[in-house]
Amino acid sequence: MRLQNESDHHASALIETTRSVLENAAFAMVDDPEMIGGMPPLCENRNILAARVRFHGAFSGTMALSMTSHLACELAAGMLGLDADAPEALLRQGDTVGELLNMVCGNLLPAIAGPSPEFAISTPELIAPCVCRNLVDAHPERLKSSAVLIAEEEPVHVALLLDPPGFTAN
Amino acid sequence: MSLNILIVDDSSLMRSMIQRIFNLSELDVGLMLFAENGAAALSVMDAHWIDLVVADLNMPVMDGYTMIQTMQDHEILRDIPVLVVSTEGSETRLAKLRSLGVAGIIHKPFTPEDLMRAVKEVAYASAKRV
């Protein structure tokens with residue numbers, strides 16, 4: 001596994017947390033992940049769904065998760081016990097991406113910060129793929145870790161960005 | 001006796017997932033009601049007899065902590081068991097929840113078996129108190 005990011009602990013935690021959420025919440029088959037630098041071409045695809053959460057506490061930052069619309073429908077269907085082409089799965093794809101990101105973030109923060117610190121996590125919001133890419137392009141120094149996991153033979157990208165100390169979001 | 005259940009989560013996906021788990025279980029479920037936040041949940045509890053609340057913590061408008069605290073301060077609502085379903089990992093906050101008397105805490109992601117085990121433990125504990 002290639003590790004291009006500075007913190008092996010953060011990287012490992014990001015991968016394992018995302019894998020656990022995809023497997024246990026979405027019942028997805030997850031292959032070996034790959035660490036990457038920056039955002040992958042995934043975000044160029046118009047059929048991508050992306051979500052973002054902000055978190056504040058012992059440290060603050062942003063997490064983003066993106067996947068294809070097709071995968072989001074499959075995972076929604078799995079979580080709800082529906083057929084993959086069920087209309088409700090299509091309707092729930094956005095909520096699926098947001099909720100999976102919520103779970104990844106909620107589980108990742110204690111994994112990297114320990115059990116004591118408290119964090120506030122914002123409600124997940126869907127963002128355009130270009131916004132997802134801009135999260136890193138605008139402030140590459142804030143990217144702490146990012147990885148691409150393969151779930152159900154489709155890529156899932158997850159990224160953790162940390163704010164500089166003393167940073168206050170608008 | 002049928003259980004009236006209130007599911008509180010700002011994610012419609014999670015509300016549907018939990019509903020599905022209850023529907024597939026052997027539990028005798030009467031009313032199944034839903035709320036997107038703590039404030040809406042309190043309104044539901046004001047209008048309907050609820051036997052069990054399954055609630056997320058991180059919600060807009062009114063979060064789960066505030067809802068649970070409000071229930072504890074109410075002479076009738078304080079007796080309704082609350083199962084918390086959340087990603088919360090802070091030991092400080094989990095200890096606070098336990099001090100508020102929540103019936104159980106289920107960590108997301110959870111399996112249907114996790115939820116049903118917790119519900120049965122709550123139901124057993126409630127029966128012992130009667």
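A. Here's a closer look at the pairing of strand S5 (residues 104–107) of chain B. All names here are of chain B. Burial along S5 is one-sided: the residues Gly104 and Ile106 are buried and none of Ile105 and His107 is. Here 4 bridges tie strand S4 (residues 82–86) to S5, and the two strands are oriented parallel to one another. If you follow Leu83 over to S5, its bridge partner there is Gly104. Handedness of the S4-helix H4 (residues 91–99)-S5 crossover: right-handed.

B. Up close: the confidence of the model for chain A. Considering every residue of chain A, the mean pLDDT works out to 85; 84% of them sit at 70 or more. Across residues 1–6 of chain A, where pLDDT falls below 50, the model places 17 contacts with residues more than four positions away in sequence or in other chains.

C. Structural detail: the nonpolar core. Ranked by internal contacts, the top residues of the largest apolar core, which has 60 residues, are Met63 and Leu100 of chain A together with Phe22 and Leu115 of chain B. Ranked by residues supplied to this core, first place goes to helix H4 (residues 93–113) of chain A with 9 residues. With residues up to four places along the chain from it excluded, the contact list for Leu115 of chain B reads Ile18, Ile21, Phe22, Val54, Leu83, Ile106 and Phe110 of chain B. If you look at the next biggest cluster of nonpolar residues, it comprises 26 residues, including Val8, Ala35, Leu57 and Leu100 of chain B.

D. How the structure looks around the packing of aromatic side chains. Residue and element names in this part refer to chain A. Taken as a whole and assessed by the stated rule, the structure comprises 3 aromatic pairs over all chains. Arranged with centres 6.2 Å apart and planes meeting at 85°, the rings of Phe55 and Phe59 form a pair that is edge-to-face. Residue classification places Phe59 among the partly exposed residues on the basis of a relative accessible area of 23%. Of the aromatic side chains, those joined through ring pairs into one cluster are Phe55, Phe59 and Phe119.

E. Broad picture of the sheet that holds strand S1 (residues 3–8) of chain B. All names here are of chain B. Pairing is parallel across the open sheet formed by 5 strands, whose spatial order is S2-S1-S3-S4-S5. This sheet does not close on itself; its edge strands, each paired only once, are strand S2 (29–35) and S5. Here the strands of the sheet are splayed against their neighbours by 20° on average, with no regard to which way each runs. In terms of strand pairing, S1 meets S2 through 5 bridges, oriented parallel. In the strand pairing of S2, Ile5 is matched with Met32. Lying over the sheet, helix H1 (residues 12–24) contacts S1, S2 and strand S3 (52–55), oriented at roughly 175° with respect to S2. Packing of helix H2 (residues 38–47) onto the sheet brings it into contact with S1, S2 and S3, and relative to S1 it is tilted by some 160°.

F. Representation of the pairing of S1 of chain B in the model. Residues and elements named next belong to chain B. In terms of residue burial, S1 counts as a mostly covered element, since 6 of its 6 residues are buried. Where burial is concerned, the two faces of S1 agree: the one with Leu3, Ile5 and Ile7 and the one with Asn4, Leu6 and Val8 are both buried. Each parallel crossover has a hand, and the one from S1 via H1 to S2 is right-handed.

G. How the structure looks around the packing of helix H1 (residues 8–24) of chain A against H4 of chain A. Residues and elements named next belong to chain A. Axis separation between H1 and H4 bottoms out at 9 Å; the angle between their running directions is 140°. Taken together, the axes of H1 and H4 lie oblique to each other. At the point where H1 passes H4, the crossing takes the right-handed sense. For the pair H1 and H4, the contacting residues are His9, His10, Ala13, Leu14, Thr17, Thr18, Val21 and Leu22 in the first and Leu100, Met103, Val104, Asn107, Leu108, Ala111 and Ile112 in the second. The class makeup of the residues in the contact of H1 with H4 is 10 nonpolar, 5 polar and no charged.

H. Structural context of the interface of chain B and chain A. In this assembly, 20 residues from chain B lie in contact with 26 residues from chain A. In this structure, the salt-bridge partner of Glu99 of chain A is Lys108 of chain B, at a minimum N-O distance of 3.0 Å. In this assembly, chain B and chain A are joined by 15 residue pairs in polar contact (both at pLDDT 80 or more). Elements with a contribution of two residues or more to the side of chain B that touches chain A: H1 and H4 of chain B. In terms of residues, the side of chain B that touches chain A owes the most to one element, H1 of chain B, which gives 6 residues. The residue makeup of the side of chain B that touches chain A, split by class, is 6 nonpolar, 9 polar and 5 charged.

What counts and what doesn't
- Residues numbered from 1 in each chain as written.
- Chains lettered and ligands numbered in written order.
- Predicted model: local features only at pLDDT ≥ 70, side-chain atom pairs only at ≥ 80, totals over all residues.
- Heavy atoms only, no water.
- Buried < 20%, exposed > 50% of the residue type's maximum accessible area, 1.4 Å probe, protein only.
- Helix = DSSP H or I, 4+ residues; strand = E, 2+ residues; numbered from the N terminus.
- Pairing = 2+ DSSP bridges.
- Right-handed = clockwise from strand over helix to strand, strands pointing away.
- pLDDT = per-residue confidence, 0-100.
- Contact = heavy atoms within 4.5 Å.
- Core = buried A, V, L, I, M, F, W, Y, C linked by side-chain atoms within 4.5 Å.
- Phe/Tyr/Trp six-rings, centres within 6.5 Å; stacked < 30°, edge-to-face > 60°.
- Axes fitted to C-alpha atoms, helices over the stretch in contact; angles between N-to-C directions.
- Parallel < 35°, antiparallel > 145°, perpendicular 65-115°, else oblique.
- Left-handed = near helix turned anticlockwise from the far one by under 90°.
- Nonpolar A, V, L, I, M, F, W, Y, C, P; charged D, E, K, R; others polar.
- Salt bridge = Lys/Arg side-chain N within 4 Å of Asp/Glu carboxyl O.
- Polar contact = N/O pair within 3.5 Å; in protein donor to acceptor, adjacent residues only side chain to side chain.

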